[in-house]
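Observations on the three-dimensional arrangement
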There are 2 protein chains.
Amino acid sequence: MLTAEREQRILQLLRDSDVLTVGALSEALEVSEATIRRDLQGMHERGLLERIHGGAAFKPDAMPEPLFADKQEQFTEAKQKIAAAALAMIRDYDTIFLDGGSTILKLAQLLESRRHLTVVTNSLMAAAQLMESGHHLILCGGEFRALSRTLVGPLSKPILESIAVDKAFMGTIGFTLSDGMSTTDANEAFTKEQVMRRAKQVILLADHSKFGTRSLVRCQLDRPLDVLITDAIDDKLRQALVDLGTEVVVSDGSC
Amino acid sequence: MLTAEREQRILQLLRDSDVLTVGALSEALEVSEATIRRDLQGMHERGLLERIHGGAAFKPDAMPEPLFADKQEQFTEAKQKIAAAALAMIRDYDTIFLDGGSTILKLAQLLESRRHLTVVTNSLMAAAQLMESGHHLILCGGEFRALSRTLVGPLSKPILESIAVDKAFMGTIGFTLSDGMSTTDANEAFTKEQVMRRAKQVILLADHSKFGTRSLVRCQLDRPLDVLITDAIDDKLRQALVDLGTEVVVSDGSC
DNA sequence: CCTTTATTGATTGATTTTGATTGAATATAG
DNA sequence: CTATATTCAATCAAAATCAATCAATAAAGG
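Since this is a predicted model, take the numbers as computed values, not measurements. (Residues numbered from 1 in each chain as written. Chains lettered and ligands numbered in written order. Predicted model: local features only at pLDDT ≥ 70, side-chain atom pairs only at ≥ 80, totals over all residues. Heavy atoms only, no water.)

**Describing the packing of helix H1 (residues 3-17) of chain B against helix H3 (residues 33-45) of chain B**
All names here are of chain B. Two numbers describe how H1 lies on H3: the axes approach to 11 Å, and their chain directions differ by 75°. Judged by the inter-axis angle, H1 sits roughly perpendicular to H3. Note on element contacts: H3 touches H1 through Thr 35, Asp 39, Leu 40 and Met 43, opposite Thr 3, Arg 6, Glu 7, Ile 10 and Leu 11. (Axes fitted to C-alpha atoms, helices over the stretch in contact; angles between N-to-C directions. Helix = DSSP H or I, 4+ residues; strand = E, 2+ residues; numbered from the N terminus. Parallel < 35°, antiparallel > 145°, perpendicular 65-115°, else oblique. Contact = heavy atoms within 4.5 Å.)

What follows is the structure in structure tokens.
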């Protein structure tokens, strides 16, 4: 029996009985409990059902359109790998910040596999993604910037100042050795700076297309970046960053 | 038997008999009393029932808060009319606050017909609606509350204090003459209070089903409500509100 | 045909849930 | 108000369930 077929039948059975045990499903579909668990895990990560200890429960609103959705995407595969490498740095009960940007959004999608996180973010897309995740979710306020779907500007300052995050996962428009991170909007840069100043560890997620390009406004950071996660980087830039004290992670397929 | 299944049956039994002892539940579900106690504690924390010494009681006057994902909304027509009446109070270039709730969301949908508004909100649904509207959009920060999809709690205070809105359009779970507005969550009530304190004019949008019902936490307001917009109201309540200085608007089809 | 990849079921140690026991807290009766 | 009887929350060991791992099998591709 194919995976897709099993999933269809599981959903059908769930609609009938609301709650099902792993054992009952294993018997009904004539596969082992291990397989059922794998199916349930996968379906849970896609939001198709509630996973409970001992079985699964029906989720009334199976997959509504994600709020604040945005379509165009580039380098999705590279971004996926970068996000996976970033996920490896997150432990249960961590307090993290998620910046805007599509790479960070991919990371947000992976956070279902962690528990009891406190997630602070200025990205409405990330927030929408984590809405039903069960994690403690805090949004910094501020002016809404439609282009990036983030909250930016001076209004975000008071909240960000009253919060201390362990790890801040940042995105960027451009990155050069001389100027560091840069972005297109002054308010956006301001908010990024607020976040990074208060974070124990600043982790930049940037695919190779960002290197060497520079945007309008620099994001000043009073110390070197803690970690850079990317998909590919030339040795010269890499060595320069390492010399500054930045850990450089190149995510290959192994993650 | 799974946790979710037990919880469903407990709620079912409670609807039938209002009050149940731990022993009776233990016998009915064939689990130990310790397990029942743990279940009751968890359900009490989520506001699903009232915990009393020796057992559990059905929550008589705690209206189940409508879940946002719920497709089948109640009184949509009435809410539409109320929103239309509220829209009539908004001029171009106004600075307004939008609360959470489905009625306010309908109002947000109508705001396309205005220009150059500054909209402050704690509702992610309203923000999603206004994303592409061209209005200046500001979100107050705070903890995300999944049930209402709003940002609530003490973290929202600094932003709300630094902003002065002309008109605050508020929703509520319950409304009574003696207690005023009430809602199910203390943090939510706190944020509502912050907003109303700073607003020049407080405008409550509530359909008739809200009157006479009361939820857990009161939202204190240090002055009478400025305007109440509803679809139907009995003369006694109306006169009492008018005597307090509240303008009562009943939206018929004419809007 | 052989190699590579993906899927399955079994096994393992780790985690979660459960029921029993305890002393503390609460309610009831006198 | 005190004494007694319940009920409660905390703790612990046993049972159930889980995620991770591994070998066997099936499928895909060269």
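Now that the structure has been shown, the text picks up again.
**With respect to the protein's contact with DNA strand D**
Near DNA strand D lie 16 residues; those nearest to it are Arg37(A), Arg51(A), Gly54(A), Arg37(B) and Gly54(B). Atoms of DNA strand D within 4 Å of the protein belong to the sugar or the phosphate in 92% of instances, the rest to bases. Side-chain polar atom of Arg37(A) to a phosphate oxygen of DNA strand D: 2.7 Å apart, as the coordinates give it. Here a phosphate oxygen of DNA strand D and a side-chain polar atom of Arg51(A) are 3.0 Å apart. (Near = heavy atom within 4 Å. Polar contact = N/O pair within 3.5 Å; in protein donor to acceptor, adjacent residues only side chain to side chain.)

**Considering the pairing of strand E4 (residues 95-98) of chain B**
Residues and elements named next belong to chain B. Side chains of E4 alternate between two faces, with Thr 95 and Phe 97 and Ile 96 and Leu 98 buried alike. Considered for its hand, the β-α-β crossover made up of E4, helix H5 (residues 102-110) and strand E5 (residues 118-121) is right-handed. Examined bridge by bridge, E4 and strand E9 (residues 167-170) share three bridges and lie parallel to one another. What sits directly across from Leu 98, in E9, is Phe 169. (Buried < 20%, exposed > 50% of the residue type's maximum accessible area, 1.4 Å probe, protein only. Right-handed = clockwise from strand over helix to strand, strands pointing away. Pairing = 2+ DSSP bridges.)

**As for the interface of chain B and chain A**
Opposite the 28 residues of chain B that make contact, chain A presents 33 residues. Of the roughly 2,400 Å² buried between chain B and chain A on both sides combined, carbon and sulfur atoms contribute 73%. Across the chain B-chain A interface, the total number found is one salt bridge. Between Glu132(B) and Arg149(A) there is a salt bridge, with its nearest N and O atoms 3.3 Å apart. At the junction of chain B and chain A, the tally comes to eight residue pairs in polar contact (both at pLDDT 80 or more). Elements with a minimum of two residues in the side of chain B that touches chain A: H1, helix H6 (124-130), strand E6 (136-139), strand E7 (142-145) and helix H7 (157-161) of chain B. (Buried area = accessible area lost by both parts, 1.4 Å probe. Salt bridge = Lys/Arg side-chain N within 4 Å of Asp/Glu carboxyl O.)

**Comments concerning the domain arrangement of chain A**
Taken domain by domain, chain A holds domain 1 (3-58) and domain 2 (76-250). Summarising the inter-unit geometry, the C-alpha centres of domain 1 of chain A and domain 2 of chain A are found 35 Å apart. (Domains from an automatic or database assignment.)

**Observations concerning the nonpolar core**
Counting 114 residues, the largest nonpolar core has Leu98(A), Phe169(A), Leu98(B), Leu107(B), Leu111(B) and Phe169(B) as the members making the most contacts within it. If near-sequence neighbours (up to four positions away) are discounted, Leu111(B) is found in contact with Leu87(B), Ile90(B), Ile96(B), Leu98(B), Leu117(B), Val119(B), Leu130(B) and His135(B). (Core = buried A, V, L, I, M, F, W, Y, C linked by side-chain atoms within 4.5 Å.)

**Some words on the pattern of salt bridges**
Between side chains of opposite charge, a pair can form when the charged atoms approach closely. Residue and element names in this part refer to chain A. For the structure shown, the criterion picks out 28 salt bridges over all chains. Notably, a salt bridge pairs Glu 7 with Arg 46, separated by 2.6 Å at the nearest N-O pair. Here the residue Glu 7 occupies a position in helix H1 (residues 3-17), and Arg 46 occupies one in the loop between helix H3 (33-45) and strand E2 (49-52), the gap between them amounting to 39 residues. A salt bridge links Lys 157 to Glu 161, with the nearest nitrogen and oxygen atoms 4.0 Å apart. With Lys 157 and Glu 161 both in helix H7 (residues 157-161), this residue pair falls four residues apart, about one helical turn. Its relative accessible area of 33% is what places Lys 157 among the partly exposed residues. Here Glu 161 falls in the partly exposed class, since its relative accessible area comes to 42%.

**Looking at helix H8 (residues 186-198) of chain B**
Here H8(B) is 13 residues long and its end C-alpha atoms lie 19 Å apart, about the 18 Å a rise of 1.5 Å per residue gives. Of the positions making up H8(B), those classed as buried are Glu188(B), Ala189(B), Thr191(B), Lys192(B), Glu193(B), Gln194(B), Val195(B) and Met196(B). (Expected span 1.5 Å × (residues − 1).)

**Focus: the state of the cysteines**
A complete count under the given rule lists zero disulfides over all chains for this structure. Cys219(A) takes part in no disulfide bond, and the closest cysteine sulfur, belonging to Cys140(A), lies 14 Å away. Residue Cys140(B) stays outside any disulfide, its sulfur separated by 11 Å from that of Cys140(A), the closest cysteine. By relative accessible area, which is 0% here, Cys140(B) ends up buried. (Disulfide = S-S within 2.5 Å.)

**Things to note about the protein's contact with DNA strand C**
In the vicinity of DNA strand C there are 15 residues, among which Arg6(A), Thr35(A), Arg38(A), Thr35(B) and Arg38(B) approach most closely. Taken together, the sugar and phosphate atoms account for 70% of what DNA strand C places within 4 Å of the protein. At 2.8 Å, a side-chain N or O of Arg6(B) approaches a phosphate oxygen of DNA strand C. The side chain of Ser32(B) places a nitrogen or oxygen atom 3.0 Å from a phosphate oxygen of DNA strand C. Those elements giving two or more residues to the surface near DNA strand C turn out to be H3 of chain A together with H3 of chain B. Of the residues belonging to the surface near DNA strand C, the class tally is four nonpolar, six polar and five charged. (Nonpolar A, V, L, I, M, F, W, Y, C, P; charged D, E, K, R; others polar.)

**Observations regarding the pairing of E9(B)**
Residues and elements named next belong to chain B. Taking every second residue as pointing to the same face, both faces of E9 are buried, with Lys 167 and Phe 169 on one and Ala 168 and Met 170 on the other. In the sheet, E9 pairs with strand E12 (residues 201-205) via four bridges, with the strands oriented parallel. Bridge assignment links Ala 168 to a residue of E12, and that residue is Val 202.

**Looking at the packing of aromatic side chains**
Residue and element names in this part refer to chain B. Throughout the structure, instances matching the rule amount to two aromatic pairs over all chains. Ring plane angle 70° and centroid distance 6.1 Å describe the contact between Phe 175 and Phe 211, whose orientation is recorded as edge-to-face. Residue Phe 175 is found in strand E10 (residues 174-176), and its partner Phe 211 is found in the loop between E12 and strand E13 (217-218); the two are separated by 36 residues along the sequence. Classification of Phe 175 as buried rests on a relative accessible area of 5%. (Phe/Tyr/Trp six-rings, centres within 6.5 Å; stacked < 30°, edge-to-face > 60°.)

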